[in-house]
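# A closer look at the structure
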Amino acid sequence: EIVDKARSLGYEYIAISDHTPAVGITGGLDEKRLIRQMDEIERINGDLDDFRVLSGVEVDIRSDNRLDLPDKILEKLDIVIAAVHTNLTQKKDEMTARILSAIENPNVDIIAHPTGRIIGKRDPYDVDIEALIDAAGSTGTILELNANPRRLDIKDTHARYAKKKGVKVAISTDAHDTSQMEYMHFGVATARRGWLEKDDVLNTRSLDELLRTLKP
C-alpha cells in the first residue's frame, strides 16, 4: 500500500523507519524484529522493477546518550534516523550533548525533529540548535524537516542556518499511514521560507545520488 501511494505521488523510493523499543507506545522493533522486517523489504524489492523500498529505523537516543539499538544492526540498514522521544526535560547542555552523540555516530544519517516541538501542545526542548547544525556540518549528518503540520521541525529559521552551514535537510512526512504522505507540501513550504533550494534537500535526489550522500 505504501509503495502504491508513493508511486502515485511520483516517488522513486520510500524509506521504512519504524521506532525502536524505547518508545514504548509504538511497539517498537527490537533487533530480531528489525532483521525480519529487513528480510521482508528485500523480498518486496525483488518484485519491484522501477521502485526501491529502503530499510531504515528511527532509533531512539536514550537519555544516557546511547542509541536504542547496537551499531552492529544499524550498520546493516540503508538509512538510520535518530531522535529523542523520552526525558524531554533535560537541561540544555545535557540535551545538546545527547543529540550530539548521535550526530557523531557514523551509522546515523539523519536527526529527526531536532527540537521536539509539537505545535500547540509541547514547546521545543531546551537544546542548542545552532550547535547541532554546526556539528552536522562537520559529520555530514542530515537534519529532518518534519512536514507534519503539528511539528514543522526544523522551522524556517533553522533551515536557513543549515543552508548557511552547508547542512543538508531531508523533508519527511513522518507518515504513520498512507494518508499522511500527503503532508509533503507543508514541509516544502517551510523549506522555501528558509530559502532552501533543490540542492539543499536530500530527497530531491535520485536513489543513486541519495545513497551516495548518506554516511558510508
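Thresholds, definitions, all that
- Residues take numbers from 1 onward in each chain, read along the sequence in its written order.
- Confidence filtering applies because this is a predicted model: local features only for residues at pLDDT of at least 70, side-chain atom pairs given and counted only at 80 or more, and all residues used for totals across whole chains, interfaces and linings.
- Where side-chain values are given, they derive from all heavy atoms of the structure, hydrogens and water being excluded.
- What is meant by a nonpolar core is a set of buried Ala, Val, Leu, Ile, Met, Phe, Trp, Tyr and Cys residues, joined one to another through side-chain atoms within 4.5 Å.
- Only protein chains enter the calculation, and the probe is 1.4 Å; a residue is then buried if its accessible area is under 20% of its type maximum, exposed if over 50%, and partly exposed in between.
- Whether two residues are in contact is decided by their heavy atoms, any of which lying within 4.5 Å being enough.
- Where helices are involved, their axes are fitted lines through C-alpha atoms of the stretch in contact, as for all axes, and angles between N-to-C directions lie from 0 to 180°.
- Only DSSP runs of H or I with at least four residues qualify as helices, and only runs of E with at least two residues qualify as strands; both kinds are numbered from the N terminus onward.
- Crossing handedness: left-handed means the near helix sits turned counterclockwise from the far one by under a right angle, and right-handed means the same turn made clockwise.
- We define a salt bridge as a side-chain nitrogen of Lys or Arg found within 4 Å of a carboxyl oxygen belonging to Asp or Glu.

## Here we look at the nonpolar core
- Core analysis: the largest hydrophobic core is formed by 42 residues, its most contacted members being Leu 74 and Ile 99.
- Other than its neighbours up to four places away in sequence, Leu 74 contacts Val 57, Val 59, Leu 67, Leu 69, Val 80 and Asn 107.
- Within the second largest apolar cluster, 13 residues are counted, among which are Ile 110, Leu 202, Leu 210 and Leu 214.

## Focus on the packing of helix 5 (residues 129–139) against helix 6 (residues 156–164)
- One can describe the packing of helix 5 onto helix 6 by two numbers: an axis separation of 10 Å at closest approach and a directional angle of 35°. You can see that helix 5 and helix 6 cross each other, and the crossing is right-handed. Residues Ile 129, Glu 130, Ile 133 and Asp 134 of helix 5 touch helix 6, and the partners they reach there are His 158, Tyr 161 and Ala 162.

## Quick notes on the pattern of salt bridges
- Per the counting criterion, the structure on display carries twelve salt bridges.
- The shortest N-O distance in the salt bridge between Arg 7 and Asp 50 comes to 2.5 Å. Here Arg 7, found in helix 1 (residues 2–8), pairs with Asp 50, found in the loop between helix 2 (31–45) and strand 2 (52–60); they are 43 residues apart in sequence, far enough to count as distant.
- Residue classification places Arg 7 among the partly exposed positions, given a relative accessible area of 36%.
- By relative accessible area, Asp 50 is classed as exposed at 55%.
- In this structure, the salt-bridge partner of Lys 163 is Asp 200, at a minimum N-O distance of 2.7 Å. Separated by 37 residues along the polypeptide, Lys 163 in helix 6 and Asp 200 in the loop between helix 7 (184–193) and helix 8 (207–213) bring together distant segments of the chain.
- Residue Lys 163 is classed as partly exposed on the basis of its relative accessible area, which comes to 22%.
- Each member of the salt-bridge network shares a partner with another, and the members are Glu 40, Arg 43 and Asp 47.

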